[in-house]
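Architecture at a glance
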Amino acid sequence: MFRNRRAAAIISSAALVCAGLSVTTLETGAASADSTCAISSHATKNDISTLGITMTYDKSANLDSIGVGTTVTYKIVIGTTGIGNPYVNTITDFPPSGFAAPTKATITAFHAVGGERTEDVTPEPNAGGWKVTNSGWFVNSGNPLTYTITYPVPTSLSPGQQVTSGGIGVAGTVGVSNELPNLTACFTARANTVGEDLLGSLGNNGLGSADGQLSSTGSISTIIADALHQYLGS
């Protein structure tokens with residue numbers, strides 16, 4: 001009966017993937033009993049270099065509980081209050097120790113022509129972190145700068161293990177520049193859900209949950225049959 005329920009869950013997840021929908025699995029229980037594992041952190045800077053305004057810095061993980069072998073996305077937001085309009089030319093994110101290179105990164109920034117827009121960027125290694133650079137991203141009180149960066153979550157992590165990132169570094173005009181090693185974000189590793197394992201199986205066979213296209217390596221029915229065989233045989 002357990003295997004039947006498991007197969008039904010796999011088929012249901014596959015149907016959602018084929019329809020172009022995301023799979024969400026609800027889980028009960030606290031992600032972490034340790035209150036020190038904070039999903040986000042916040043810092044400010046207000047000194048002579050900021051000319052009377054306050055710079056704000058935030059970093060957060062996309063979830064407080066993340067399956068091993070999936071991905072984690074960190075969001076860094078740099079903002080300001082008052083009438084200041086600093087420019088940022090470099091942002092460096094420091095991932096948790098032992099994490100591999102990022103798989104995706106974006107910058108959301110305000111532009112004089114076109115207003116706010118989000119663009120893909122390619123981070124480069126920088127002193128143990130991953131940086132993106134520009135001639136100068138504009139920041140004001142209504143238009144913060146947002147850097148998102150996605151990393152694979154190592155399969156070597158143990159369920160229940162708390163994973164804390166490193167901080168960030170920011171360079172630009174004098175007031176905005178800052179080194180914040182303690183601006184961290186923490187999540188708790190967990191075992192994958194059936195849906196996550198299935199999505200990984202489909203992705204490995206060339207069928208992405210986002211584009212909903214058939215794999216060049218085989219039909220969707222073949223891929224689902226292979227996934228069912230894998231789970232029912234385990």
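Residues numbered from 1 in each chain as written. Predicted model: local features only at pLDDT ≥ 70, side-chain atom pairs only at ≥ 80, totals over all residues. Heavy atoms only, no water.

As annotated in an unreviewed UniProt entry, the protein carries the name DUF11 domain-containing protein and comes from Nocardia terrae.

Remarks on the overall build of the protein
Helix and strand content of the protein: three helices and 14 strands. Residues counted as buried form 40% of the 234 residues belonging to the protein. Relative to all contacts within the protein whose residues are 6 or more apart in sequence, the contacts with residues 24 or more apart total 69%. About 12,100 Å² of surface is accessible on the protein, with carbon and sulfur atoms providing 54% of the total. (Helix = DSSP H or I, 4+ residues; strand = E, 2+ residues; numbered from the N terminus. Buried < 20%, exposed > 50% of the residue type's maximum accessible area, 1.4 Å probe, protein only. Contact = heavy atoms within 4.5 Å. Areas by Shrake-Rupley, 256 points an atom, 1.4 Å probe, with all protein chains shown as cover.)

Some points on the pattern of salt bridges
Side-chain pairs of opposite charge can arise whenever the charged atoms involved come near each other. Inspection of the entire model under this criterion finds three salt bridges. The shortest N-O distance in the salt bridge between aspartate 120 and lysine 104 comes to 3.0 Å. One end of the pair, aspartate 120, is in strand β7 (residues 115-120); the other, lysine 104, is in strand β6 (residues 104-111), with 16 residues separating them in the sequence. Under the relative-accessibility criterion, aspartate 120 is labelled exposed at 60%. (Salt bridge = Lys/Arg side-chain N within 4 Å of Asp/Glu carboxyl O.)

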